[in-house]
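# Observations on chain architecture
Okay, here's what each chain looks like letter by letter:
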Amino acid sequence: MTKISILTAALLLAAGAAHAQTAATSGLYGDVGYTFLNLKSDGPTVKPGALRGIVGWDLHPNVAIEAMLATGVKDDTVDGVKFKVTRSYGLFVTPKYSFDQFEVFGRIGYANSKIKGSSQGLSASDSDGSFAWGLGGRYNFSKTVYGGLDYMQYYKKDGVKVDGVNLNVGYRF
C-alpha cells in the first residue's frame, strides 16, 4: 500500500512539474518597447517616438503571427511644424529561428499609421497603410522573459518612408 501511495505521489509531482514547464510554452507572447521613428519625405527627416506593443502566437516553432499597436509618445518639430504619430497598427507573419538563447526573426505584413502635423494653432492629420517588413533579434533571459531589438519599415509609398528601430522587453505565456 505504501508503494502505491509513493508511486501516486511521485506521479502527481511529475505531472505538476510537467504542467509548470509547459505553462511557459503556450505559444502566446507579448512585448512592449520604444520605437525611434524616422519620417522621410522631400523635406528634412522628422524623428518622433512611439510606444509599441506586439502580441504574437507561435503557429510552429519557426513561424508566428503578430498583431501590433503603437501610439506616439514623443513629437518632433521641424521648421515650426510639430509632427506626431497618433496611432499605428499592423498584422504580420513572423518567420524565426532560435540559436540556444538567441532568436532571429523577420516580419512581413501590413501596417497602417496616422500622423498629425500642427503649427500656430492649425493642424492636419492623415492615415494610410502599406506593405511593412522588418528584421530583428531576441535574447531569452529565461524561459518566459526576453529582450529584443528590431528594425521595421512601416510605410513606403509616394515618396514617403516611415521606419524605425525598436527596443523592447517581452514575456512568453
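Evaluation of the coordinates by the stated rule reveals 10 salt bridges. Here Asp75 ties to Lys82 by a salt bridge, and the two come within 3.6 Å at their closest N and O atoms. For Lys82, a relative accessible area of 38% gives the class partly exposed. When the shortest N-O distance is used, the salt bridge between Arg172 and Glu103 registers 3.9 Å. Of this pair, Arg172 sits in strand S9 (residues 160-172) while Glu103 sits in strand S6 (residues 102-119), and the two are 69 residues apart along the sequence. By relative accessible area, which is 13% here, Arg172 ends up buried. The class for Glu103 is buried, based on a relative accessible area of 3%. Residues joined in a network through salt bridges with shared partners are Arg52, Glu66, Glu103, Arg107, Arg138, Asp150 and Arg172.

For the rest of this paragraph, the subject is the environment of Ser26. Relative to the helices and strands, Ser26 is located in the loop between helix H1 (2-23) and strand S1 (28-40). As for Ser26 and Arg172, which are separated by 146 residues in sequence, their C-alpha atoms are 7.8 Å apart. When residues no more than four places from it in sequence are discounted, the contact partners of Ser26 are Trp57 and Phe173. Among the polar contacts made by the side chain of Ser26, one reaches the main-chain amide nitrogen of Leu28 at a distance of 3.3 Å. Within the structure, Ser26 has its side chain in polar contact with the backbone oxygen of Phe173 (distance 2.8 Å).

So, on to the nonpolar core. Among the nonpolar cores identified, the biggest contains 15 residues, and Leu37, Leu39, Met68, Phe92, Ala111, Tyr154 and Val162 are the most heavily contacted of them. The residues touching Met68, leaving out its near neighbours within four places in the chain, are Arg52, Gly53, Ile54, Ser88, Tyr89, Gly90, Phe92, Ala111 and Tyr154.

Attention shifts here to the confidence of the model for the protein. Across the protein, the average pLDDT comes to 88, with 86% of residues at or above 70. This model gives residues 7-12 a pLDDT under 50, and the stretch forms zero contacts once residues within four places in sequence are excluded. In the model, residues 14-23 has pLDDT below 50 throughout and makes two contacts with residues more than four positions away in sequence or in other chains.

What follows covers the pairing of strand S8 (residues 145-157). Strand direction decides the pairing type here: strand S7 (residues 122-140) and S8, joined by eight bridges, are antiparallel. Bridged to Arg138 within S8 is Gly148. What sits between the antiparallel neighbours S7 and S8 is a turn of four residues. When S8 meets S9, the two strands line up antiparallel, connected through 12 bridges. In the strand pairing of S9, Gly148 is matched with Asn168.

Definitions and cut-offs
- Here, residues in each chain are numbered from 1, in the same order as that chain's written sequence.
- Only residues with pLDDT of at least 70 get local features here, since the model is predicted, and only at 80 or more are side-chain atom pairs given and counted; chain-wide, interface and lining totals rely on the full set of residues.
- Think of the side-chain values as coming from all heavy atoms in the structure, minus any hydrogens and water.
- The term salt bridge refers to a pairing of a side-chain nitrogen on Lys or Arg with a carboxyl oxygen on Asp or Glu at a separation within 4 Å.
- Burial status follows relative accessibility: with a 1.4 Å probe on protein chains alone, a residue under 20% of its type maximum counts as buried, one over 50% as exposed, and anything between as partly exposed.
- Elements are defined by DSSP. Helices are runs of H or I of four residues or more, strands are runs of E of two residues or more, and each kind is numbered from the N terminus.
- Residue contacts are defined here by distance: any two heavy atoms, one from each residue, within 4.5 Å place the two residues in contact.
- The definition of a polar contact used here is a pair of N or O atoms within 3.5 Å, where within protein one atom must be able to donate a hydrogen and the other to accept one, and adjacent residues in sequence count solely through side-chain atom pairs.
- Working definition of a nonpolar core: buried Ala, Val, Leu, Ile, Met, Phe, Trp, Tyr and Cys residues. They are joined through side-chain atoms within 4.5 Å.
- Values of pLDDT, ranging from 0 to 100, describe the predictor's confidence in every residue of the model.
- Here, any two strands with at least 2 DSSP bridges between them count as paired.

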